[in-house]
Amino acid sequence: MSLDAINAAFDAAGREARKALVPFLMSGHPTPDQFARNLAEAGKYADVIEVGVPFSDPLADGPVIQAAAAEALKHGTTLASTLAAIAAREDGPPILLMLSCNQLLAHGLERVARRIVEAGASGAIVPDLPFEESTELREIFARHGLVLIAMLAPTTDAARKSAILRQAQGFAYLISVAGVTGARDAFPPETLDYIREAAQASSAPVCVGFGISKPQHVEQLREHADGFIVGSALIRAIESGGSVADVLAPLRQACDATITTGTDS
Amino acid sequence: MTTAVKTKGRFGIYGGQYAPETLIANLNELEAAYAEAQADPDFAAELEITLREFVGRATPLYQARRLSADWGGRVFLKREDLAHTGAHKINNAVGQALLAKRIGKSRIVAETGAGQHGVATAAACARLGLECVVYMGALDCERQRPNVERMKLLGAKVVPCEAGSRNLKIAINEAIRDWISRPGDTHYLIGSVVGPHPYPTIVRDFQSVIGREARDQFIRHEGRLPDAVIACVGGGSNAMGIFAGFVDDKVELHGVEAGGTGATHAAPLNSGTPGVLHGAMQYLLQDDDGQILDTHSVAAGLDYPGVGPEHSFLKDIGRAKYHIVRDDEALAAFKELSRSEGIIPALESSHALAFAKRLLRERPGLSLIVNLSGRGDKDLPSLMERELL
């Protein structure tokens, strides 16, 4: 799989007039075995799956994902074990890794790219690697047919926004509000403006992440976004013994409802 | 990202701006504001008055005569322990607080290890009427109890951080998360020459007053330059501050990292490899998978797995040498200075003293400046509790 697989996933969603659903799972959480089962289960609902590789010192993660990472590290989860779990999957939607810059550097960028290709994943999201620092990794990934997902925040100024969106491939990751990951009640009106403007300026699809936990969020923001990323809410459900389906099935429904039929609560 | 592409804020391959997208606007704003402030004579004047009248600068350069006689050289101490709130940290805290006020921020967050930066930040915020929140590892709250009380008295909110190693690294994680959540009204007042650009440069510049003063004072006293300058290195702000005064001279620069118990330590320049932590490329203690390792030092302010990018660069080009001093050697120096000179040094600074002693044993007769970066009162309760005194 590759950038092409991500593009195909969004093309299919576009053709079927639905929003893409992009769930996030933490590798090795709550246990390596359970993660493998959740990965298969999430595949039934997802257009693309984000797989977090746990890091000891994440900066952009809220308490839920941070705790999941700590738990996964206790189980001995590594980049290698994560890639092995992905390679062992029989089928399912394309996968993007989410990890910190230092985890890539420790293995060497070129080597990591090769191993991601071998495992059958499509690329990565690296939250502590902003646009200006990402040139080298983008070039290496491009040579391997992989994608480095571009991120945008509400605080990103206009000049950087257009530079970031110009090179965005696969999809652009819109951080919904200033803050760390974690579920929120509702989004302020300026979030809608921010998504609308980004969607207009971007040639790639735009997906909204941070704080997406329930169908109402999708309904509130769906007019301009092409997809939704759900992380903390899913991790929390898994922590409390719930199933992946409990969280993803209603979100899938909300993503599938066409704009003309409105909300489907 | 490694060597091929040089972005702004680099010291060789080190430094850079590996920060989440949400913070980039703040970092750019800070960089621009700092450039403006540097060009503004009013800012320089306000900082100078603050350093003189609030901080109590210039701090003395003290000739330690009994220690010199015992150790066989000429030992001078740069008395940052006499700066307001008891350590060099105040130099940077007042500088950044003035900068934050200039940008229009009303709220300051800071991390602290030993508590000295937290106390300095709380004092600077009280003086300027800024809200102050200090993140401190829960372990450090226990071993630096007096500083927690001082911060509260100065009006700061102290948030103990319970995650992971419960020390400085965790406090920085939490402070950055706070800042990401409130980038509009909040300035992150980082306490060392670490973090994404422009922090390592800003903090070094605000601390460089140590080196400027020490150089002038030494020349006035001795009519020449010292042979060597010695400072402890955690993140490395007191060392960068004093090194800045001598980096263009023919003066040896020695940084001293925490050797802990030997088996567990906090010495990335001696035992680490380059990587990215807290927004900058630097030497790091990490495993093969890029996970940051836990550290140990008796000195909370040195208990950090990374180190400033400029130190990483100075090591690579050989301009500064970095050494290791263990907990027990630092404790011995702590007691020795107290008894021979009547000065109780911080455990952090005691690492630099212990190395000075070692250097004079190897090369007697050298003239040295040791940066006495802080005073040791804060360490007494914890040392007595652990029966280390």
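For the structure, see preceding data.
About the criteria used
- Counting restarts for each chain, with residues numbered from 1 along the sequence as it is written.
- Naming scheme: in the order in which they are written, chains are lettered from A and ligands are numbered from 1.
- Note on the predicted model: pLDDT of at least 70 is required for a residue's local features to be given, and 80 or more for side-chain atom pairs to be given and counted; whole-chain, interface and lining totals, by contrast, use all residues.
- Side-chain figures throughout are based on the complete set of non-hydrogen atoms in the structure, without hydrogens or water.
- Contact definition: two residues touch when any of their heavy atoms are within 4.5 Å.
- Buried area is understood as the total, over both parts, of accessible area removed when two parts are fitted together, assessed with a 1.4 Å probe.
- When a carboxyl oxygen of Asp or Glu lies within 4 Å of a side-chain nitrogen of Lys or Arg, that pair is called a salt bridge.
- Ring geometry is summarised as follows: Phe, Tyr and Trp rings, the Trp one being its six-membered ring, pair when their centres sit within 6.5 Å, and such pairs are stacked at plane angles under 30 degrees, edge-to-face over 60 and tilted between the two.
- Relative accessible area decides the class of each residue, using a 1.4 Å probe on protein chains only: under 20% of the type maximum gives buried, over 50% gives exposed, and in between gives partly exposed.
- Helix and strand assignments follow DSSP, with helices taken as H or I runs no shorter than four residues and strands as E runs no shorter than two, numbered in order from the N terminus.
- Axis definition: a line fitted to C-alpha atoms, limited for helices to the stretch in contact. Angles are taken between N-to-C directions and run from 0 to 180 degrees.
- These descriptions rest on fixed angle ranges, namely under 35 degrees for roughly parallel, over 145 for roughly antiparallel, 65 to 115 for roughly perpendicular, and the rest for oblique.
- Throughout, a crossing is termed right-handed when the near helix is turned clockwise from the far one, and left-handed when it is turned anticlockwise from it by less than a right angle.
- Strands pair, by our definition, only if DSSP identifies at least two bridges between them.
- By convention a nonpolar core is built from buried Ala, Val, Leu, Ile, Met, Phe, Trp, Tyr and Cys residues, the set being connected through side-chain atoms within 4.5 Å.

Draft legend 1. Up close: the interface of chain A and chain B. Contacts between chain A and chain B engage 40 residues on the former and 38 residues on the latter. Taken over both partners, the interface formed by chain A and chain B buries close to 3,100 Å², and the fraction arising from carbon and sulfur atoms is 54%. Among the residues of chain A in contact with chain B, D57(A), L59(A) and E133(A) are the three that bury the most area, contributing 23% of the side total. Between R160(A) and E21(B) there is a salt bridge whose closest N-O contact spans 2.6 Å.

Draft legend 2. Quick look at the packing of aromatic side chains. All names here are of chain B. This model, assessed by the stated rule, comprises 8 aromatic pairs over all chains. When the centroid spacing of 5.8 Å and the interplanar angle of 55 degrees are considered together, the rings of W179 and Y188 count as tilted. Among the residues examined, W179 registers a relative accessible area of 3% and is labelled buried. On the accessibility criterion, Y188 (2% relative accessible area) is buried. Members of the aromatic cluster, joined through ring pairs, are W179, Y188 and Y199.

Draft legend 3. Spotlight on the pattern of salt bridges. Counting across every chain of the model gives 42 salt bridges over all chains. Its salt-bridge partner being R204(B), residue E310(B) comes within 3.0 Å of it at the nearest N-O pair. Here E310(B), found in helix 12 (residues 309-316), pairs with R204(B), found in helix 9 (residues 199-222); they are 106 residues apart in sequence, far enough to count as distant. Its relative accessible area of 18% is what places R204(B) among the buried residues. The partner of D379(B) in a salt bridge is K378(B), with the nearest N and O atoms 2.8 Å apart. Judged by relative accessible area, which is 2%, D379(B) ranks as buried. A residue is classified by how much of its surface remains accessible, and K378(B), at 4% relative accessible area, is buried. Through salt bridges with shared partners, one network takes in E16(A), R18(A), D47(A), R252(A) and D256(A).

Draft legend 4. Up close: the packing of helix 4 (residues 79-87) of chain A against helix 6 (residues 109-119) of chain A. All names here are of chain A. Viewed as axis vectors pointing N to C, helix 4 and helix 6 meet at an angle of 25 degrees, and their least axial separation amounts to 8 Å. On the basis of the axis angle, helix 4 is roughly parallel to helix 6. For the pair helix 4 and helix 6, the contacting residues are L79, A80, L83, I86 and A87 in the first and V112, R115, I116 and A119 in the second.

Draft legend 5. Local environment of the packing of helix 3 (residues 63-74) of chain A against helix 11 (residues 232-239) of chain A. Residue and element names in this part refer to chain A. Their axes nearest at 9 Å, the elements helix 3 and helix 11 cross at an angle of 55 degrees. Relative to helix 11, the element helix 3 is oriented oblique. Here helix 3 and helix 11 pass one another in a crossing that is left-handed. Contacts between helix 3 and helix 11 involve V64, I65 and A68 from the first element and S232, I235 and R236 from the second.

Draft legend 6. Local environment of the sheet that holds strand 7 (residues 157-161) of chain B. All names here are of chain B. Read across the sheet, 4 strands follow the order 7-6-5-8 without closing on themselves; strand pairing throughout is parallel. The sheet is open, and its two borders are formed by strand 7 and strand 8 (186-188), each paired with just one other strand. Direction aside, the axes of adjacent strands within the sheet are offset by 25 degrees on average. As defined by bridge partners, strand 5 (residues 107-112) adjoins strand 8 across 3 bridges and the pair is classed as parallel. Bridging from a neighbouring strand, I108 pairs with H187 of strand 8. Against the sheet, helix 5 (residues 116-128) contacts strand 5 and strand 6 (131-137), and its axis sits at roughly 165 degrees relative to strand 5.

Draft legend 7. Structural detail: the nonpolar core. One finds L97(A), V126(A), L248(A), Y188(B), I242(B), F243(B) and I369(B) to be the most contacted residues of the largest nonpolar core, which totals 156 residues. The contact partners of Y188(B), leaving out residues within four places of it in the chain, are Q96(B), V109(B), A110(B), E111(B), I172(B), A175(B), I176(B), W179(B) and Y199(B). Listed in part, the 34 residues of the second largest apolar core include F334(B), L337(B), F355(B) and L372(B).

Draft legend 8. Summary view of the sheet that holds strand 7 (residues 172-175) of chain A. Residue and element names in this part refer to chain A. Ordered in space as 5-4-3-2-1-9-8-7-6, the 9 strands form an open sheet in which the pairing is parallel. Two strands bound the open sheet, and with one partner strand each, they are strand 5 (147-148) and strand 6 (150-152). Of the pairings in the sheet, the one linking strand 2 (residues 49-52) to strand 3 (residues 95-98) comprises 4 bridges and is parallel in character. Opposite G52, over in strand 3, you have M98 as the bridge partner.

Draft legend 9. Molecular detail of the pairing of strand 4 (residues 74-79) of chain B. Residue and element names in this part refer to chain B. Most of strand 4 is tucked away, with 5 of its 6 residues classed as buried. Looking at chain direction, strand 3 (residues 61-63) and strand 4 are connected through 3 bridges and run antiparallel. Of the residues in strand 4, the one forming a bridge with Y62 is L77. As judged from the 6 bridges shared by strand 4 and strand 14 (residues 367-372), these two strands associate in the parallel manner. Bridging from a neighbouring strand, L77 pairs with V370 of strand 14.

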